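Survey of secondary and tertiary structure
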Amino acid sequence: MNPIEKLSIDAIRILAAETVENAKSGHPGMAIGAAPIAYALWKHMRHNPGNAKWMGRDRFVLSAGHASALEYAMLHLYGYDVSMDDMKRFRQWDSNTPGHPEHGHTEGVEATTGPLGQGIAMAVGMALAETHLAAKYNMEGYRVFDNRTYALCGDGCLMEGVAYEAVSLAGTLKLNKLTLIYDRNCVTIEGSTELAFEENVAARFAACGWQVINVDDGNDVDAISRALRISDGMDKPSLIIVNTRIAYGTPKEGSNSAHGSPLGAENIAIMKANYGWEFDEPFTVPDEVYAHFRQLAASNAEANAAYDDMLRGYAATNGELYAQLMADMSGEVPAGLLEELEHMAFEGSVSTRSASGKALNLIAKRLPSLIGGSADLAPSNLTELSGYEYYSPQHRSGKNLHFGIREFAMAAVCNGMALYGGLRPFCATFLVFADYLKPALRLSALMKLPVMYVMTHDSIGVGEDGPTHQPIEQIAMLRATPGVKVFRPADGKETAAAYISALASDSPAVLALSRQNLPTYEATGIGALRGGYVLNRPKGDPDVVLLATGSEVELICKAADELAVRGYTAQVVSMPCAELFDEQDAAYRQSVIPPHIRARVAVEAGCGFGWHKYVGLDGEVVCIDRFGASAPAKTVFEKLSMTTQSVLEAALRTIRR
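Since this is a predicted model, take the numbers as computed values, not measurements. (Residues numbered from 1 in each chain as written. Predicted model: local features only at pLDDT ≥ 70, side-chain atom pairs only at ≥ 80, totals over all residues. Heavy atoms only, no water.)

This paragraph deals with the overall build of the chain. Within the chain one finds 25 helices and 18 strands. For a compact globule of 657 residues, the expected C-alpha radius of gyration is about 26 Å, and the chain comes in at 28 Å, within 12% of that figure. Going through the 657 residues of the chain one by one, you find that 61% of them count as buried. Sequence separation of 24 or more characterises 77% of the internal contacts of the chain that already satisfy a separation of 6 or more. (Helix = DSSP H or I, 4+ residues; strand = E, 2+ residues; numbered from the N terminus. Rg over C-alpha atoms; globule rule 2.2 N^0.38 Å. Buried < 20%, exposed > 50% of the residue type's maximum accessible area, 1.4 Å probe, protein only. Contact = heavy atoms within 4.5 Å.)

Next up on the list: the packing of helix H16 (residues 407-420) against helix H17 (residues 434-446). Contact geometry for H16 and H17: axes closest at 7 Å, N-to-C directions at 15°. One finds that H16 runs roughly parallel with respect to H17. The crossing of H16 and H17 is right-handed. In this structure, H16 contributes Glu-407, Phe-408, Met-410, Ala-411, Ala-412 and Asn-415 to the contact, and H17 contributes Tyr-436, Leu-437, Pro-439, Ala-440, Leu-443 and Ser-444. (Axes fitted to C-alpha atoms, helices over the stretch in contact; angles between N-to-C directions. Parallel < 35°, antiparallel > 145°, perpendicular 65-115°, else oblique. Left-handed = near helix turned anticlockwise from the far one by under 90°.)

Here the focus is the sheet that holds strand E11 (residues 452-456). In spatial order, the strands read E9-E8-E10-E11-E13-E12; together these six strands make up an open sheet with parallel pairing. Bordering the open sheet on either side are strand E9 (400-402) and strand E12 (485-487), each of which pairs with just one other strand. Here the average twist between neighbouring strands, direction ignored, is 20°. In terms of strand pairing, E12 meets strand E13 (residues 509-513) through three bridges, oriented parallel. Bridge assignment links Val-486 to a residue of E13, and that residue is Val-510. (Pairing = 2+ DSSP bridges.)

Counted at 1.5 Å a residue, the expected span for helix H11 (residues 287-317) with its 31 residues is 45 Å, and the 45 Å between its end C-alpha atoms agrees. Listed as buried for H11 are Val-289, His-292, Phe-293, Leu-296, Ala-297, Asn-300, Asn-304, Tyr-307, Met-310, Leu-311 and Tyr-314. (Expected span 1.5 Å × (residues − 1).)

Of note in this structure, Cys-186 is not a glycine but carries a positive phi near 60°. Residue position: Cys-186 is located in the loop between strand E3 (178-184) and strand E4 (187-188). Residue Ala-247 is not a glycine yet carries a positive backbone phi of 55°. As for its placement among the helices and strands, Ala-247 is situated in the loop between strand E7 (238-243) and helix H10 (265-275).

Take the pattern of salt bridges next. If you walk through the whole model with that rule in mind, you get 26 salt bridges. Note that Lys-43 and Glu-5 form a salt bridge whose closest N and O atoms lie 3.2 Å from each other. In this pair, Lys-43 sits in helix H3 (residues 35-44) while Glu-5 sits in helix H1 (residues 3-23), placing the two residues 38 residues apart along the sequence. With relative accessibility at 40%, the residue Lys-43 sits in the partly exposed group. In this structure, Lys-136 engages Asp-328 in a salt bridge whose closest nitrogen and oxygen atoms are separated by 3.2 Å. Taken together, the residues Lys-136 in helix H6 (residues 118-137) and Asp-328 in helix H12 (residues 319-330) connect sequence positions 192 residues apart. (Salt bridge = Lys/Arg side-chain N within 4 Å of Asp/Glu carboxyl O.)

What follows covers the nonpolar core. Of all hydrophobic cores here, the largest spans 149 residues; its most connected members are Leu-158 and Met-417. A total of 12 residues in this core trace back to one element, the largest contributor, which is H6. In terms of nonpolar packing, the next biggest core, distinct from the first, is built from 55 residues, Val-573, Trp-611, Ala-651 and Ile-655 among them. (Core = buried A, V, L, I, M, F, W, Y, C linked by side-chain atoms within 4.5 Å.)

To continue, consider the layout of surface pockets. Of the pockets and cavities examined, the largest pocket occupies roughly 470 Å³. Surrounding the largest pocket, 27 residues form its lining, Met-329, Gly-331, Ala-418, Gly-421 and Gly-422 being those nearest its centre. Elements that contribute at least two residues to the lining of the largest pocket include exactly H12, H16 and strand E10 (424-430). Here the lining of the largest pocket is built from residues that sort into 12 nonpolar, seven polar and eight charged. (1 Å grid on protein atoms, 1.4 Å probe; cavity = no way out; pocket = protein on both sides within 12 Å on 5 of 7 lines; lining within 4 Å. Points joined across faces, edges and corners; volume = space filled by probe spheres on them. Nonpolar A, V, L, I, M, F, W, Y, C, P; charged D, E, K, R; others polar.)

All right, on to empty space enclosed by the protein then. Tallied over the full model, the rule gives two cavities of 30 Å³ or more. In this structure, the largest cavity encloses a volume near 130 Å³. When its volume is computed, the second largest cavity comes out at roughly 80 Å³. Around the second largest cavity, the lining residues are Leu-431, Asp-458, Pro-471, Ile-472, Ile-475, Ala-476, Arg-479, Arg-488, Glu-604, Ala-605, Gly-606 and Cys-607. Class assignment for the residues of the lining of the second largest cavity results in seven nonpolar, one polar and four charged.

The next point concerns the packing of H1 against helix H4 (residues 68-78). In contact at an axis separation of 9 Å, H1 and H4 are set at 120° when each is read in the N-to-C sense. In terms of orientation, H1 lies oblique with respect to H4. Crossing handedness for the pair H1 and H4: right-handed. Across from Ile-12, Leu-15, Ala-16 and Val-20 in H1, the residues of H4 making contact are Ala-69, Leu-70, Ala-73, Met-74, His-76 and Leu-77. The residue inventory of the contact of H1 with H4, partitioned by class, reads nine nonpolar, one polar and no charged.

What follows is about the sheet that holds strand E16 (residues 570-574). Overall, mixed pairing links the five strands, which are arranged E14-E16-E15-E17-E18 in an open sheet. Every interior strand has two partners, whereas the edge strands, strand E14 (533-536) and strand E18 (620-622), have only one. Within this sheet the neighbouring strands show an average axis-to-axis angle of 25°, counted without direction. Bridge count for strand E15 (residues 544-548) against E16 is five bridges, and the pairing is parallel. Bridge pairing in E16 places Ala-548 opposite Ser-574. In this fold helix H20 (residues 553-565) packs onto E14, E15, E16 and strand E17 (600-603), with an angle of close to 160° to the strand it touches most, E15. In the packing of helix H25 (residues 644-656) onto the sheet, contacts are made with E15, E17 and E18, and the angle to E18 comes to roughly 180°.

Following this line, the structure appears as structure tokens:
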């Protein structure tokens, strides 16, 4: 390590420590110990502070997001839009430097991280996206997609199951442009990793098909740089294990107390003395360090300029392909696609999973950026894109993905693909297994990523599979997640409308779809885009308002007919997406659910949580606030009182109150 490298690394360490100290909150230990890794890696990567969205850049994901002070220090020193004032406002309200990295908030941050392990899975998605787009768009002499993806993790990331789900998939898919750097400091919040994590990480990664490279000394920048160069030439993903000391060079070196607490002013003073740091004033960076990082950034700016020249040549010689590339990167939906979905024809009884499969295949033909698959359930989810290959090391252009039985990693990998750009990913499983992937769905919402979640077998209609596979509380859980649109369509036309909404959105959408066939209604259709709408509006004021989603719309339609025989009128409302309905203006919402009609009944084959805001104190919810049972679907519906008769009785009670 030459003098300017040492001075630069010391500057990273001290800036990170002072950032945490000033906030009186944060995680200084890894940021200090991993500073040589960050220095070597960012020097090795292609990235340009003058153009943070450069399409040809390498991607960096800080999976160990608690070490955010390290990433912010690197962004600041390289000249991204992270000022010294931003460093001083670390973890404060409306700061540019939040407690954990947030994509779309801080320039240069490629992914929102903090929930450990998910950064690794998102990096896998980014690496997968690069190979797919390269197969699709690269031409001889024009390597439009030729970047690498790097992720930095700690011991904690590798204890999370999602990490190894993704690692196994990456090895199987031979994602050779993926490098994971493991900061092995052997410390977690509670103490030494010997307490709960003594596995042979190298052997496990090797067994998953990864190249493993060891760096004994985490301060050896040259050794880290050599390891990075070796990883670039591999035909498989690479793990670089770097042995470090948490809070290196401070009185708390090697201590778990350095993980998540400021060092204290006295310890920072000792740290500076140990480093030979000459500046007592906090947040001081020597001019020669800034000059060094500007020089490193300048070489990347030259690489960016050369890439742009190449891209102009590509546009001149491959105009049609370039236009499609730009459309994909912008997220543009082809003209006419939404109209085609709106006019899809469905007749008779059809399951909404079947309608979804039909809609997905239409979208695949018109939207080149569509890619996705299922967690080993494609024949049940009906999500296979007909006529397209499955993605594999031999067929990188495949639009169908085999995720294996890895729901959590599947969703996180889709997040990574969406973050990379140029792709519109979807993933699929049974609705009950939303529990497995919820943390990744939450990050989809936080990052405003338009990932489509296709979740079939949406109710007790699963029947004989029993309570383990019959979702009860999942819809309420998903609806409670901010930024997620949850659709439970009543028929094929509402299913098509759900896809229209999802494709036009910049946020994740969940489609909860039936296995059993449902009738097609004359009055359903594009009105579903308002979330809730009237299927049957009587003349004058109705005696009762009946609301339902999905398969239970059939129940309220039949109940309305039974009420009519008894001389009562019902306003029948389909509510495929409560979130969209809540976004409508008050006048529209009141036209659907008249406020002066207090007799209201909501019906859904799941828990009743959330429905009372629509039915009020005088209304009723016909629901299932218990787990299901194993029996034929018709029997389960009857035994759990999810019947026309139950709806009718509830309606009569509310009318007569």
